[in-house]
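# Architecture and fold: a report
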Amino acid sequence: MDFNFTPEEQAFREEIRAFLDAHLPDPMPEDDPDFLRLWNEKLRAKRWVGFNWPREWGGGGGDLIRQFILKEEMSARRAPALGLDFMGLTWVGPAIIAHGTKEQKAEHLEAILDGRSHWCTGYSEPDVGSDLASLQCRAVREGDEYVIHGQKIWTTSAHFASHIFMLVRTDPTVSKYKGITCLLVPMTTPGITISPIENLSGKASFNQVFFDGARTPVSNRLGAEGEGWKVVMGALANERSGISEATEMLQHLDDIRSLAKRARRGGRPALEDDRVRRRLSEMEIRVEAMRLTGLRHLTDQINGKPSGSETAINKLQRGILEFEMSELTLELLGSAAQHQGELQHEALAWHGTVIGGGSPNIQRNIIAERILGLPKD
Amino acid sequence: MNFGFTEEQGFLRDAVRKFLDDRCPMAEVRRLMKTPNAHSPELWKAFAEQGSVGLLIPEAYGGAGLGWVDFVVVLEETGRTLMPSPLVSTALAALAIREAGSPAQKERWLPRFAEGSAIGTLAVLEASDLPGAEGVALVADSDGEVDVLHGEKCFVADAGCADVYVVAYRSTERSAEPSGDRAGTGVGGALRLGLVARDAPGVRVALVPSLDETRRSGTLSLDGVRIGPDARLAAADPEATLALLLDAGSIAVTAEGLGAAEGALALTVQYAKDRVQFGSPIGRFQGVKHRLADMWVDTESIKSLLYYGAWAIDERRDAVPRYASLAKAYLADAFTRIGVDCVQLHGAVGYTIEYDIQLYLKRSKWARPMFGDGDHHRDRLARLSMGNR
Ligand SMILES: Cc1cc2nc3c(=O)[nH]c(=O)nc-3n(C[C@H](O)[C@H](O)[C@H](O)COP(=O)(O)OP(=O)(O)OC[C@H]3O[C@@H](n4cnc5c(N)ncnc54)[C@H](O)[C@@H]3O)c2cc1C
């Protein structure tokens, strides 16, 4: 065990800091697409977008530890997220790298890095949530094309996505895991319609997506027919490990500490209240545990030990943390918690993130069955 | 950056496991529990020969010269099997002597610790039960060169089998400004650490029956005990040394507690697979399996904090206070919960003296206050990150 970063890793950290000193505007423009695009170009020039993707496809060819450092430094300075196409970067691109044809790699990977594409993910259906393998959306092969009939739901970002990374049933006669295939479909395909769904904080973040005889070439299939489950297992692991990173939680902790500095309780600064202080410490404990657990799993990955089920640890920790942080935020706001506002709305958002990517109960099932060896229910 | 155990550490774990399987199975644990000090000199000697007792002691003094991450490997295993032993106490006494002892003090004690012929322990707590310098109110009478102690030290771990006590007290001189993260406490006199041998005149030990009979402690009465210059530890900053000892204690207790928590979890997972109700193993019911999954999340998360803290003792001293508190706070509450839930998941047999799970429950009660409970460490973390109120 050695928690020291090597001199090269330390130098890399310094390089990032110097880059941020030179290029990160202060104050940061808010919600400015032009700035984000410019920022992405600068990061692309350093090959920091897709840092650990192969160089031949435009990535940085970097290692996981440096990628961790990169994310940590960027987040510490609250720089915009690395890359513009979040799902493309986090799981669609890696799935294409692992399972895609040369043509698919050429078509999609650089587009993701440049932010020219914007992927969404079509797993869930009205009757299919936690039990994803029972999905019904049907694709029938006709010559060189698949014809898709069915519906997806809760599809985040579908309303501005360029492509959908989706699962379809190609063979209803075999066992439920075997008849699933993964397709990469342009959202402009005729036969696709989108209908937004408002979430409880009033934002339209997810959608229903209807497929009414949408046709897509067989060359848009990722992996072999019937191998979709294998593709999605890797993609879900990447999604969950993204969710389970501690960087965002560190920012939240920072925010809530500043709130505690401003807020008052019982006529005194909230930060002088023992209970508030202890709750903040409890959050600090969990955030740091998440951060170090993440590093442990990186080591496992580097040593060639797959980190499939272990991401469930941090997904569960994050659920607990977001609950605690949201409730403390609202408590610190006091009577103002009844008003509409940025903090109030953020405090509601965890109700979505805690379910997205697999609910806590499903994470517990995964741990109990795959790791502890308890019987399936 | 490498967050994994080495191959050697894997061998070490195997060797300790084998030793414990052979020499300290649960039947032996239960036998030792019924002895006055829950301590077997033969077992201790054998454990020293195996190498675990002197693991941290430098090779020059007869030890293995390994580090705290290695020691954590051993403690996880002694915790898993609930081995009754003064391992943590002796390691902390050795750390005190290594950090602040004179060559003669090192020469006198460290080789004997390593070979298992002497046992040491810390005597810090008093009736105030404050785990830190602020709890040290015992003031010595100074007789020229010699400090003379009249008073009591409470909750002294392994008091009954120890040969030497590292006693924290105060001299009659006024102390300088408190250092480190310690809040001003107003207790007078500069902090000192001294070595008191069990057989020194004026030393008396009263054992107090333990809830966890695998762990023993007692009250140390000091009735005119003399600490001369040769018995004082010459710490440059006694407060910092004491803080380090207590942090190392937190980390050691977390390591043993984690091992015990994993032991309790393993027992209960097995029980959940074996026990059938409503026509299926109870481990199929989510009310059971999800609690067990949560326990696993906690034990894995504790490991992350613990390993960093242990590494920091050898490699990054400035990080030790924070990580000791992060780890111990998590352990204190999570192990408590695990103990309670594991007993409950056993049903009525969990409430019997016969089933081993009750021993783990009692160990969790022991571990919680050791070197500070959850709130103690959360308050300290708040001071470290947000300053004093
Ligand atoms: C903010 C957000 C964004 C999302 N984005 C996407 C997206 O982009 N693409 C996509 O395809 N999907 C997306 N989803 C859908 C998400 O993947 C599903 O909501 C999730 O898998 C759960 O499915 P469900 O909502 O149908 O709930 P259900 O599966 O019906 O579960 C309902 C409740 O029952 C519990 N439950 C279910 N099965 C079990 C069991 N075996 N044991 C114990 N409890 C159980 C669950 O824990 C949950 O509390 C998103 C969801 C949210 C909230």
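Residue indices follow the written sequence of each chain, beginning from 1 at its first position. The order in which chains are written sets their letters, starting at A; the order in which ligands are written sets their numbers, starting at 1. The predicted nature of this model means local features are confined to residues of pLDDT at least 70 and side-chain atom pairs, given and counted, to a pLDDT of 80 or more, with totals for whole chains, interfaces and linings taken over all residues. Each side-chain value is derived from all of the structure's non-hydrogen atoms; neither hydrogens nor water enter the calculation.

Any pair of Phe, Tyr and Trp rings, taking the six-membered ring for Trp, is counted once the centres come within 6.5 Å. Such a pair is stacked with planes under 30 degrees apart, edge-to-face with planes over 60 apart, and tilted for the rest. Taken as a whole and assessed by the stated rule, the structure comprises 21 aromatic pairs over all chains. We count a charge as sitting over a ring when the NZ of a lysine or the CZ of an arginine lies within 6 Å of the ring centre and within 35 degrees of the ring normal. Above the plane of the ring of Phe5(A) lies Arg13(A), whose end atom (NZ or CZ) is 4.9 Å from the centre. When the ring centre of Trp366(B) is taken as origin, the NZ or CZ atom of Arg215(B), which lies over that ring, is 5.2 Å away.

Here we take up the domain arrangement of chain B. Residues and elements named next belong to chain B. Just so you know, the domain bounds were taken from an automatic or database domain assignment. Examined at the domain level, chain B breaks down into domain 1 (7-118), domain 2 (121-236) and domain 3 (240-385). Taken over C-alpha atoms, the centre of domain 2 sits 29 Å from the centre of domain 3. Only heavy atoms enter the contact rule, under which two residues are in contact if any of them lie within 4.5 Å. Listed as interface residues are 14 residues of domain 2 and, on the opposing side, 15 residues of domain 3. In total, domain 2 and domain 3 occlude about 1500 Å² of area from one another, counting both sides; carbon and sulfur atoms represent 68% of this. When a carboxyl oxygen of Asp or Glu lies within 4 Å of a side-chain nitrogen of Lys or Arg, that pair is called a salt bridge. The tally of links from domain 2 across to domain 3 stands at 2 salt bridges. The salt bridge partner of Glu256 is Arg215, with a shortest N-O separation of 2.7 Å. Distance and chemistry together define a polar contact, namely a pair of N or O atoms within 3.5 Å, with one atom able to donate a hydrogen and the other to accept it when in protein, and with adjacent residues in sequence counting only for side-chain atoms on both sides. Across the contact surface, domain 2 and domain 3 share 3 residue pairs in polar contact (both at pLDDT 80 or more). Three categories are distinguished: nonpolar for Ala, Val, Leu, Ile, Met, Phe, Trp, Tyr, Cys and Pro, charged for Asp, Glu, Lys and Arg, and polar for the others, with Gly belonging to the last. Class assignment for the residues of the side of domain 2 that touches domain 3 results in 9 nonpolar, 2 polar and 3 charged. In short, buried area is how much 1.4 Å probe accessible area vanishes from two parts on joining, totalled over both.

Note on placement: Leu295(A) falls in helix H8 (residues 274-302). In contact with Leu295(A), not counting residues within four places along its chain, are Phe68(A), Met1(B) and Phe3(B). Here a helix means four or more residues in a row that DSSP labels H or I, a strand means two or more in a row labelled E, and each is numbered from the N terminus.

A few words on the interface of chain B and chain A. Of the residues lining the interface, 48 residues belong to chain B; the matching set on chain A comes to 44 residues. Interface area, chain B with chain A, both sides summed: about 4500 Å², of which 62% is carbon and sulfur. Scanning the region where chain B abuts chain A turns up 9 salt bridges. For Glu300(B), the salt bridge is made with Arg296(A), and the minimal N-O distance between the two is 2.6 Å. At the junction of chain B and chain A, the tally comes to 24 residue pairs in polar contact (both at pLDDT 80 or more). Contributing elements (two or more residues each) for the side of chain B that touches chain A: helix H7 (238-274), helix H8 (286-315), helix H9 (320-345) and helix H11 (374-386) of chain B.

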